[in-house]
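# Examination of the molecular architecture
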Amino acid sequence: MEFHGHLGPYLVLGILAGEAGIERTGAGKHFGLEVKVYGAGQRPRSCLIDGLQLSTGATFGKGNIRKARGRGIRIEVRNLKNNKQAEISLKPSLLKGLSSLNGHKDSEAFARRLARAGTRGRGLFQIK
Ligand SMILES: [Zn+2]
């Protein structure tokens, strides 16, 4: 959280989605993977990108994370060793929760709930 400066739901979701992607593909952190994130161009959605960098070790400095335009949020994690890929999107129930957030305090409380919601974001994501 120090790195990002505040606690928000999209930061937490980025961390959890990155963990889920690594688990699904078996990719190594930092250099063993490539991450592409769609539909997270503006704040607060773009906070997702910092969360992904934190949990996957893919960074803009190394050039192994990229962002692209998209209507909805979607995250692709690819294992560079075997090309195994995971596509992660947010479940409708989660999107509904996010859209109902009202103000900073509410968002922070939601972020804390997400962080506790379970390891690797089970129940939050659709992964294929
Ligand atoms: Zn943020």
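Since this is a predicted model, take the numbers as computed values, not measurements. (Residues numbered from 1 in each chain as written. Predicted model: local features only at pLDDT ≥ 70, side-chain atom pairs only at ≥ 80, totals over all residues.)

### Section: the overall build of the protein
A count of helical and extended segments in the protein gives four helices and five strands. Secondary structure elements of the protein, listed N to C terminal, follow the sequence α-β-α-β-β-β-α-α-β. For 128 residues, the compact-globule estimate of 2.2 N^0.38 gives 14 Å, and the C-alpha radius of gyration of the protein, at 14 Å, lies within 12% of that figure. For the protein, the spread of C-alpha atoms along the principal axes amounts to about 40 × 25 × 25 Å. (Helix = DSSP H or I, 4+ residues; strand = E, 2+ residues; numbered from the N terminus. Rg over C-alpha atoms; globule rule 2.2 N^0.38 Å.)

### Some remarks on the sheet that holds strand E4 (residues 85–90)
With respect to topology, five strands assemble into an open sheet ordered E2-E1-E3-E4-E5, the strand pairing being mixed. Whereas interior strands pair on both sides, the edge strands pair on one side only; in this sheet they are strand E2 (65–68) and strand E5 (125–127). Taking each pair of neighbouring strands and ignoring which way they run, the sheet shows an average axis angle of 20°. Two elements, strand E3 (residues 74–79) and E4, share five bridges in a ladder whose sense is antiparallel. Within E4, the residue paired with Val77 across the bridge is Ala86. Taken strand by strand, helix H2 (residues 47–56) contacts strand E1 (33–38), E2 and E3, and its axis lies near 165° from that of E1. (Pairing = 2+ DSSP bridges. Axes fitted to C-alpha atoms, helices over the stretch in contact; angles between N-to-C directions. Contact = placed C-beta atoms within 7 Å.)

### Some words on the pairing of E2
Strand direction decides the pairing type here: E1 and E2, joined by four bridges, are parallel. Looking at E2, one finds that Tyr38 is bridged to Ala68. One crossover worth recording links E1 to the parallel E2 by way of H2, and it is right-handed. (Right-handed = clockwise from strand over helix to strand, strands pointing away.)

### Here we look at unusual backbone geometry
Note the cis peptide between Arg43 and Pro44, where omega equals 5°. Mapped onto the secondary structure, Pro44 falls in the loop between E1 and H2. Despite not being glycine, His30 shows a phi value in the positive range, around 70°. Within the element layout of this structure, His30 appears in the loop between helix H1 (9–25) and E1. Here the phi dihedral of Asn83 falls at roughly 65°; this positive angle occurs in a residue that is not glycine. Tracing the sequence through the fold places Asn83 in the loop between E3 and E4.

### Digging into H1
Between its terminal C-alpha atoms H1 stretches 24 Å, which fits the 24 Å expected from 17 residues at 1.5 Å a residue. Trailing H1 by a residue or two, Gly26 shows a phi angle of about 70°, which is positive. (Expected span 1.5 Å × (residues − 1).)

### Digging into the pairing of E1
The pairing of E1 with E3 spans six bridges and is antiparallel. Directly across from Glu34, in E3, lies its bridge partner Arg78.

### Quick word on the packing of H1 against H2
Their axes nearest at 6 Å, the elements H1 and H2 cross at an angle of 40°. Judged on the interaxial angle alone, H2 and H1 are oblique. Here H1 and H2 pass one another in a crossing that is right-handed. Contacts from Tyr10, Leu11, Val12, Leu13, Gly14, Ile15, Ala17, Gly18, Glu19, Gly21 and Ile22 of H1 reach H2 at Cys47, Leu48, Ile49, Asp50, Gly51, Leu52, Leu54, Ser55 and Thr56. (Parallel < 35°, antiparallel > 145°, perpendicular 65-115°, else oblique. Left-handed = near helix turned anticlockwise from the far one by under 90°.)

So far we have only geometry, and geometry alone does not tell us how the molecule works.
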